[in-house]
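# Examination of the molecular architecture
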Amino acid sequence: MASTLPPDLFDATTITSLLSTLAIVLVAYAVSLRALGPGGPRFLFVWHLADALCHFLLEGSFLYHCFFSYRDVRDVAGSVAGLFPTPYNFLGHEDRRIYGPQSAADGNPFAQLWMVYARADRRWAGADLGVISLELLTVFFDGPLALYICYCLSKRDPKASIWMIILATCELYGGFMTFCPEWLTGNINLDGSNFMYMWVYLVFFNMLWVVIPLYAVWYSVRDLSNALSERQVRKDM
């Protein structure tokens with residue numbers, strides 16, 4: 001018997017959240033038209049700028065709510081079981097507070113966006129230490145590096161290939177460390193019970209940060225190999 005789909009699968013918040021990711025890509029493409037002109041590696045520029053915007057705007061908002069949005073446990077005593085638990089002594093507050101987007105989902109649009117994704121991976125509703133640790137590196141290292149790569153690409157700076165390999169390695173490692181704890185514990189925080197949760201939220205959105213970084217590595221290695229081959233030819237002349 002087919003499972004009943006959640007009533008909020010395509011609600012206004014979900015549609016707005018999906019449209020926000022599309023808006024980020026469109027902004028990145030519009031900037032590429034001005035920064036690169038008619039030529040240049042447009043796909044890689046758009047990817048890295050969209051990557052930076054996602055890190056700053058979306059994942060940055062997640063960190064904000066993990067550190068600054070909270071509710072007193074006594075205020076949610078009747079619904080604690082439905083919330084993602086906050087680790088003991090998080091930020092030195094022992095067990096008196098519930099942190100994360102779940103504490104601000106009543107009115108903050110970014111918190112509501114993360115609560116949409118948390119339907120598929122409930123760790124993003126609260127303050128999961130592993131996720132926060134990775135997102136700190138993502139927002140404060142990967143984001144600025146992605147912007148710098150865009151600058152290098154716009155200037156036709158050959159060092160862009162080196163930095164793209166470094167960033168791609170970070171993205172791939174981050175993705176592995178995000179999901180490996182779930183694989184080792186039977187995916188207890190993941191919900192793949194319907195097409196949207198499984199193939200859109202968990203597979204599609206996360207595989208983007210696998211397939212495209214691998215392409216960036218391939219592109220960069222080929223570029224660096226060609227440069228080294230040309231240098232060897234000049235050396236042998």
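Owing to the predicted nature of the structure, the values given are computational and were not obtained by experimental measurement. (Residues numbered from 1 in each chain as written. Predicted model: local features only at pLDDT ≥ 70, side-chain atom pairs only at ≥ 80, totals over all residues. Heavy atoms only, no water.)

Check the secondary structure of the chain and you find six helices and two strands. Along the chain, helices (α) and strands (β) appear in the sequence α-α-β-β-α-α-α-α when read from the amino end. By principal-axis analysis of the C-alpha atoms, the chain measures approximately 80 × 40 × 35 Å. Of all 237 residues assigned to the chain, the portion counted as buried reaches 39%. As displayed, the chain offers around 13300 Å² of accessible surface, 67% of which is attributable to carbon and sulfur atoms. Looking at the chain, you have 16 positive and 20 negative side-chain charges, and the mean spots of the two groups are 10 Å apart. (Helix = DSSP H or I, 4+ residues; strand = E, 2+ residues; numbered from the N terminus. Buried < 20%, exposed > 50% of the residue type's maximum accessible area, 1.4 Å probe, protein only. Areas by Shrake-Rupley, 256 points an atom, 1.4 Å probe, with all protein chains shown as cover. Lys, Arg positive; Asp, Glu negative; His and termini not counted. Charge placed at Lys NZ, Arg CZ, Asp CG, Glu CD.)

Another point: a nonpolar patch on the surface. Residues F10, I15, L19, L22 and L26 make up a contiguous nonpolar surface patch of roughly 510 Å² in combined accessible area. Relative to the elements of secondary structure, L26 occurs in helix α1 (residues 12-36). (Patch = residues over 30% accessible without salt bridge, like charges linked within 9 Å, V, L, I, M, F, W, Y side chains within 5 Å. Salt bridge = Lys/Arg side-chain N within 4 Å of Asp/Glu carboxyl O.)

The geometry of an aromatic ring pair comes down to the distance between the two centres and the angle between the two planes. For the structure on display, the rule yields 20 aromatic pairs. Judged by centre distance (5.4 Å) and plane angle (45°), the ring pair of Y70 and Y99 falls under tilted. Here Y99 lies in strand β2 (residues 97-99) and Y70 lies in strand β1 (residues 70-72), a separation of 29 residues in the sequence. Note on Y70: relative accessible area 40%, which makes it partly exposed. On the accessibility criterion, Y99 (1% relative accessible area) is buried. (Phe/Tyr/Trp six-rings, centres within 6.5 Å; stacked < 30°, edge-to-face > 60°.)

A separate point is the side chain of H55. Along the chain, H55 falls in helix α2 (residues 42-68). Residue H55 is classed as buried on the basis of its relative accessible area of 1%. There is a polar contact of 2.8 Å between the side chain of H55 and the side chain of D51. Contact partners of H55, with chain neighbours within four places excluded, come to G60, T138, V139, D142, G143, E171 and W209. (Polar contact = N/O pair within 3.5 Å; in protein donor to acceptor, adjacent residues only side chain to side chain. Contact = heavy atoms within 4.5 Å.)

What follows is about the pattern of salt bridges. Where side chains of opposite charge bring their charged atoms close, a pairing between them can arise. Within the structure shown, the criterion is met by four salt bridges. R123 is the partner of D121 in a salt bridge, and the nearest nitrogen-oxygen pair spans 2.8 Å. When sorted by exposure, D121 lands in the same class as R123, which is buried. Residues K159 and D157 are paired through a salt bridge, measuring 3.0 Å at the closest nitrogen-oxygen approach. On the basis of relative accessible area, K159 is assigned to the partly exposed category, the value being 40%. One connected set of salt bridges, linked through shared partners, spans D121, R123 and E182.

Right, let's get into the packing of helix α4 (residues 129-154) against helix α5 (residues 160-184). Where α4 meets α5, the closest approach of the two axes is 10 Å, and the angle between their N-to-C directions is 155°. It follows from the interaxial angle that α4 and α5 lie roughly antiparallel. Seen along the crossing, α4 lies across α5 with a hand that is left-handed. Of the residues in α5, those in contact with L134, F141, D142, L145, A146, Y148, I149, C152 and L153 of α4 are A160, W163, M164, I166, L167, C170, E171, G174, M177 and T178. Grouping the constituent residues of the contact of α4 with α5 by class yields 15 nonpolar, two polar and two charged. (Axes fitted to C-alpha atoms, helices over the stretch in contact; angles between N-to-C directions. Parallel < 35°, antiparallel > 145°, perpendicular 65-115°, else oblique. Left-handed = near helix turned anticlockwise from the far one by under 90°. Nonpolar A, V, L, I, M, F, W, Y, C, P; charged D, E, K, R; others polar.)

With that out of the way, let us pick up helix α3 (residues 109-117). Those residues of α3 lying buried are A111, L113, W114, V116 and Y117. Where α3 begins, the capping side chain belongs to N108, and its oxygen is found 2.9 Å from the backbone nitrogen of F110.

Looking now at the UniProt feature "transmembrane region" (unreviewed entry) in the chain. In the UniProt entry, the feature "transmembrane region" (unreviewed entry) is given for residues 12-31, 43-64, 131-153, 160-179 and 199-221. From the first C-alpha to the last, residues 131-153 spans 30 Å; its make-up is 100% helix and 0% strand. Secondary structure content for residues 199-221 is 100% helix and 0% strand, and the end C-alpha separation is 31 Å. (UniProt positions renumbered as here; feature names shortened; annotations may be inferred.)

Looking now at the side chain of S220. Take S220: it is sitting in helix α6 (residues 195-236). Take S220: its relative accessible area is 0%, and that puts it in the buried class. Excluding residues within four positions of it along the chain, S220 makes contact with S161, M164 and I165.

What follows concerns the nonpolar core. Core analysis: the biggest nonpolar cluster contains 46 residues, and F62, W114, Y117, I132, L153 and Y201 have the highest contact counts within it. Where this core is concerned, the elements lending two or more residues are α1, α2, α3, α4, α5 and α6. Those residues within four positions of Y201 in sequence are excluded, and the remaining contacts are T14, L18, V116, Y117, A120, M196 and N206. (Core = buried A, V, L, I, M, F, W, Y, C linked by side-chain atoms within 4.5 Å.)

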